[in-house]
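# Summary of the model geometry
Chain by chain, the residues:
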Amino acid sequence: LQRGITVGVGGAATSLALALAASVAGVDSWVAAVGMGTLGLAAAEESGLAMERLLLVDPVPAGQWAAVVAALVEAVEVVLVAPPASAVPAGQARRVAARMREQGAVLVQVAWPERAWPQRPELSLQARPLAWSGIGAGHGHLRARQVEIAVSGRHGADRPRSARFWLPDEHGRLA
C-alpha cells in the first residue's frame, strides 16, 4: 500500500484490515485502532502487529471522531477506523484525509461501505470467504480460511481485479 491513501475494506473486514496494517507498519511502526472496541487483540498479534506499538481508542466522544483520527494520523503510520454510525461531516472527513496525505499515513476504513465516511477511499478491498480448513470428520480446529479479495479504486487500481488468498493461513497471516 502507498503511504497517504485511504483504503476501504469489507467482507472479512477486520481480518483483512489487520493483515494490511501488519504489512504496512513493519516492526518499528505504530498502528492505531479507532472505534474498534471489539477488536481481538490475539488476532491482531497473530496477524503480525506488535502489541507494544498498538494504540486503541474506544469509545470516542460524540462529535470528536474526526479530531481524534486527525491527531492520530500525525503520530502513527497506520490508522484503522470503524467510522461511527452517525455520519462524519464531509468537511471534517476532507480535513482528516488532507492531513493523512501530508503525513504519509495510511487510513484503513473497516467495514466499508456499510460504515463509511463521506469520502470514497482511493482503494477498496472486498473479501469474500470461500472455505475454511482444519476440521476433520466432525472434529478438529479451524486453522485457515480461503477468501477471494476483489480490489478496485483509483490511481492505478481503476481496473477491478480479484485473487484468492489464505486469511489467515496456517500461521495466522495473509498468504
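The sections below set out a description of the structure shown in this document. Please read these numbers as outputs of a predicted model, since none were measured by experiment.

With that settled, consider the overall build of the protein chain. When helices and strands are counted, the protein chain shows four helices and eight strands. Along the protein chain, helices (α) and strands (β) appear in the sequence β-α-β-α-β-α-β-α-β-β-β-β when read from the amino end. Taken over the C-alpha trace, the protein chain has a radius of gyration of 16 Å; the compact-globule value for 175 residues is 16 Å, and the two agree within 12%. Across its three principal axes, the protein chain shows a C-alpha extent of roughly 55 × 40 × 30 Å. Residues counted as buried form 42% of the 175 residues belonging to the protein chain. In the protein chain, the share of contacts with a sequence separation of at least 24, taken over all contacts with a separation of at least 6, comes to 61%. Of the accessible surface of the protein chain, which amounts to about 9000 Å², a share of 52% is contributed by carbon and sulfur atoms.

Moving on: the sheet that holds strand 6 (residues 123-135). One open sheet accounts for eight strands, arranged 3-2-4-5-1-6-7-8; its pairing is mixed. Bordering the open sheet on either side are strand 3 (54-57) and strand 8 (161-166), each of which pairs with just one other strand. Averaged over all adjacent pairs, the angle separating strand axes in this sheet is 20°, with direction ignored. Pairing between strand 2 (residues 31-34) and strand 3: four bridges, direction parallel. Note on strand 3: the bridge partner recorded for Ala-33 is Leu-56. Running over the sheet, helix 1 (residues 13-25) touches strand 1 (6-11), strand 2, strand 4 (78-81), strand 5 (106-110), strand 6 and strand 7 (140-153) and is turned about 145° from strand 1.

One finds Val-7, Val-9, Leu-16, Val-31, Val-78, Leu-80 and Val-108 to be the most contacted residues of the largest nonpolar core, which totals 34 residues. Elements with a contribution of two residues or more to this core: strand 1, helix 1, strand 2, strand 4, strand 5, strand 6 and strand 7. With ten residues, helix 1 is the largest single contributor of residues to this core. If sequence neighbours within four positions are ignored, Leu-80 has contacts with Ala-17, Leu-18, Ala-21, Val-31, Ala-32, Ala-33, Val-34, Met-36 and Val-108. Within the second largest apolar cluster, 19 residues are counted, among which are Ala-32, Val-34, Val-76 and Ala-93.

This part covers the environment of Gln-64. Relative to the assigned elements, Gln-64 resides in the loop between strand 3 and helix 3 (65-73). For Gln-64, a relative accessible area of 39% translates into the label partly exposed. C-alpha of Gln-64 to C-alpha of Val-88: the two residues are 24 residues apart in sequence and 9.6 Å apart in space.

A few words now on helix 4 (residues 90-103). Taking 1.5 Å as the rise per residue, helix 4 with 14 residues should run 20 Å; its terminal C-alpha atoms sit 20 Å apart, in good agreement. Taken together, the buried positions of helix 4 are occupied by Ala-93, Val-96, Ala-97 and Met-100. One face of helix 4 carries all of its buried residues, which in axial projection span an arc of 100°. Within helix 4, the exposed residues directed more than 90 degrees away from the buried face are Arg-95 and Glu-102. Buried residues in helix 4 make contact with strand 1, helix 3 and strand 5. Following helix 4 by one or two positions, Gly-104 has its phi on the positive side, about 75°.

Attention now goes to the pattern of salt bridges. One pass over the structure, following the stated rule, counts three salt bridges. Close ionic contact of Arg-154 with Glu-122 constitutes a salt bridge, the shortest N to O distance being 4.0 Å. Of this pair, Arg-154 sits in the loop between strand 7 and strand 8 while Glu-122 sits in the loop between strand 5 and strand 6; the two residues are 32 residues apart in sequence, bridging distant segments of the chain. The exposure class of Arg-154 is partly exposed, given its relative accessible area of 42%. In this structure Glu-122 comes out as buried when scored by relative accessible area, which is 10%. Between Arg-128 and Glu-148 there is a salt bridge, with its nearest N and O atoms 2.5 Å apart.

How each quantity is defined
- Residues numbered from 1 in each chain as written.
- Predicted model: local features only at pLDDT ≥ 70, side-chain atom pairs only at ≥ 80, totals over all residues.
- Heavy atoms only, no water.
- Helix = DSSP H or I, 4+ residues; strand = E, 2+ residues; numbered from the N terminus.
- Rg over C-alpha atoms; globule rule 2.2 N^0.38 Å.
- Buried < 20%, exposed > 50% of the residue type's maximum accessible area, 1.4 Å probe, protein only.
- Contact = heavy atoms within 4.5 Å.
- Areas by Shrake-Rupley, 256 points an atom, 1.4 Å probe, with all protein chains shown as cover.
- Pairing = 2+ DSSP bridges.
- Axes fitted to C-alpha atoms, helices over the stretch in contact; angles between N-to-C directions.
- Core = buried A, V, L, I, M, F, W, Y, C linked by side-chain atoms within 4.5 Å.
- Expected span 1.5 Å × (residues − 1).
- Arc of directions from axis to C-beta.
- Salt bridge = Lys/Arg side-chain N within 4 Å of Asp/Glu carboxyl O.

Any functional reading would require information that these geometric values do not contain.
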